[in-house]
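Given next are the chains, with one letter for each unit.
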Amino acid sequence: MTSRAVNPGARVLVVGGGYSGLRFAGAAAARGAQVWLTHRRESLEAQGATEAFSWLRFDAEVGAIPELPEGLTHALITLPPSTAGTDAALLHLLEPLRHQPLLWLGYLSTTGVYGDSQGGWVDETSPTQPSLPRSQARLQCEQQWLSSGLPVQSFRLPAIYGPGRCPFEQLRSGKARLVHKPGQVFCRIHVDDIVGTLLHATDQPAGKQPAVINVSDNAPCPSSETLAYAAHLLGCKLPAVQRFEAIAPEMSPMALSFWADNRRVSNALLCHELGYQLRYPSYREGFSASLAEEQRGNIPGA
């Protein structure tokens, strides 16, 4: 059996140098890999440019299509579909990637592809019945990557949090809303457990590469519970409780969409069958670590 590990000999392309992509690139570079990230801006001044990575401009809307380095062994696609439902990486990079000696290609998808299970558990064998247009587009793109003939694994993610992506600033500024919707739960994952999962997947030998993996922590729960814990960490008061049905008429379509699906996502395949150990099993450990990192001012890609 052969390993596909990101190691000092690896040449890694990360398409999308945003929050998750930048953290993965940093971890791959720390292993000694040579890493390229794509970006859309003409200037990297606000992108957190670093000597650890090489940057490639990729902005299909203005015709900025990069020429890929030779000898790529790993690729990670983090770009979401456009508002039209298209995937710029599929349209412009798939064919060039076919000519690379890729050992692994990761695609960041969403647990939204399962749709609404009314609070029930879903796993990788559950039917995909996305209700939201953005989740429908993501499923279509995911299926195209999986059928591309490349060594693709899709990682279905719930809400992503981490340093700069927790409710601390909303609480400090008084903009946080404590909303109660009976029976509603949300799943989430710390960005460093996304990175850990991706590296763990590349470390697996041939034969242990499921096409689809759910990446979620052990603690689906109401958003009111996580907000209360964030307030506890800050030592501040919670805002008054608002009932969802009372405020729904004034919420934007985007805000309402986050409350449309209700499901619990199983991580049994990742944690039990593949043996990945979550760094942050719940938001409690994750929020505490995120606040400490924010206080140190170390928030790359936030």
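To start, this report covers the structure provided alongside it.

1. What to know about helix 5 (residues 191-203)
Right, so step 1: Taking 1.5 Å of rise per residue, 13 residues should cover 18 Å, and helix 5 covers 19 Å from first to last C-alpha, within 8% of that figure.
Right, so step 2: Burial analysis of helix 5 places twelve of its 13 residues in the buried class, which makes it a mostly covered element.
Right, so step 3: When we look at burial in helix 5, the residues that qualify are Val191, Asp192, Asp193, Ile194, Val195, Gly196, Thr197, Leu198, Leu199, His200, Ala201 and Thr202.

2. Looking at the pairing of strand 2 (residues 34-39)
Right, so step 1: The buried count for strand 2 comes to five of six residues, which makes it a mostly enclosed element.
Right, so step 2: Crossover connection from strand 1 (residues 11-15) via helix 1 (residues 19-30) to parallel strand 2: handedness right-handed.
Right, so step 3: Bridge count for strand 2 against strand 3 (residues 54-57) is four bridges, and the pairing is parallel. Looking across to strand 3, one finds that leucine 37 is bridged to tryptophan 55.

3. A closer look at the packing of helix 1 against helix 5
Right, so step 1: Where helix 1 meets helix 5, the axes come as close as 9 Å, and the angle between the chain directions of the two elements is 55 degrees. What the angle tells us is that helix 1 and helix 5 run oblique. By crossing handedness, the relation of helix 1 to helix 5 is classed as right-handed. Contacts from Tyr19, Ser20, Arg23, Phe24 and Ala27 of helix 1 reach helix 5 at Val191, Asp192, Ile194, Val195, Leu198 and Leu199.
Right, so step 2: Here the residues of the contact of helix 1 with helix 5 sort into eight nonpolar, one polar and two charged.

4. Focus on the pairing of strand 1
Right, so step 1: Strand 1 sits mainly inside the fold: four of its five residues count as buried.
Right, so step 2: Of the strand pairs in this sheet, strand 1 and strand 2 are connected by four bridges, and their pairing is parallel. When the sheet's bridge partners are listed, leucine 13 is paired in strand 2 with tryptophan 36.
Right, so step 3: The sheet contact formed by strand 1 and strand 4 (residues 74-77) spans four bridges and is parallel. Paired with valine 14 across the two strands is leucine 76, which belongs to strand 4.

5. Structural notes on the nonpolar core
Right, so step 1: Among the nonpolar cores identified, the biggest contains 33 residues, and Phe24, Val35 and Phe155 are the most heavily contacted of them.
Right, so step 2: Those elements that provide at least two residues to this core are strand 1, helix 1, strand 2, strand 5 (104-110), strand 7 (152-157), helix 5 and helix 9 (268-273).
Right, so step 3: Residue contacts for phenylalanine 24: discarding those within four places in its chain leaves Val6, Val12, Val14, Leu76, Trp104, Val195, Leu198 and Leu199.

6. Regarding unusual backbone geometry
Right, so step 1: Despite not being glycine, glutamine 118 has its phi angle at roughly 55 degrees, a positive value.
Right, so step 2: Judged by its relative accessible area of 70%, glutamine 118 falls in the exposed class.

7. So, the side chain of glutamine 100
Right, so step 1: Mapped onto the elements, glutamine 100 comes out in the loop between helix 2 (88-98) and strand 5.
Right, so step 2: A distance of 3.1 Å separates a polar side-chain atom of glutamine 100 from the backbone nitrogen of glycine 71.
Right, so step 3: Excluding its chain neighbours within four sequence positions, the residues that come into contact with glutamine 100 are Leu68, Pro69, Glu70, Gly71 and Leu72.

8. Considering the environment of arginine 279
Right, so step 1: With respect to the helices, strands and loops of the structure, arginine 279 is situated in the loop between helix 9 and helix 10 (283-295).
Right, so step 2: Sequence-distant contacts of arginine 279, that is, excluding residues within four places in its chain, are made with Asp192 and Asp193.

9. A look at helix 10
Right, so step 1: Look at helix 10: 18 Å from first C-alpha to last across 13 residues, which is about the 18 Å you get at 1.5 Å a residue.
Right, so step 2: Each element contacted by the buried residues of helix 10 is listed here: helix 1, strand 8 (159-161), helix 4 (168-173), strand 10 (188-190) and helix 6 (223-234).
Right, so step 3: A distance of 3.1 Å separates the backbone nitrogen of arginine 284 from a side-chain oxygen at the start of helix 10, and that oxygen is part of serine 282.
Right, so step 4: Directly beyond the C-terminal end of helix 10, a positive phi value near 75 degrees is found at glycine 297.

Definitions and cut-offs
- Residues numbered from 1 in each chain as written.
- Predicted model: local features only at pLDDT ≥ 70, side-chain atom pairs only at ≥ 80, totals over all residues.
- Heavy atoms only, no water.
- Helix = DSSP H or I, 4+ residues; strand = E, 2+ residues; numbered from the N terminus.
- Expected span 1.5 Å × (residues − 1).
- Buried < 20%, exposed > 50% of the residue type's maximum accessible area, 1.4 Å probe, protein only.
- Right-handed = clockwise from strand over helix to strand, strands pointing away.
- Pairing = 2+ DSSP bridges.
- Axes fitted to C-alpha atoms, helices over the stretch in contact; angles between N-to-C directions.
- Parallel < 35°, antiparallel > 145°, perpendicular 65-115°, else oblique.
- Left-handed = near helix turned anticlockwise from the far one by under 90°.
- Contact = heavy atoms within 4.5 Å.
- Nonpolar A, V, L, I, M, F, W, Y, C, P; charged D, E, K, R; others polar.
- Core = buried A, V, L, I, M, F, W, Y, C linked by side-chain atoms within 4.5 Å.
- Polar contact = N/O pair within 3.5 Å; in protein donor to acceptor, adjacent residues only side chain to side chain.

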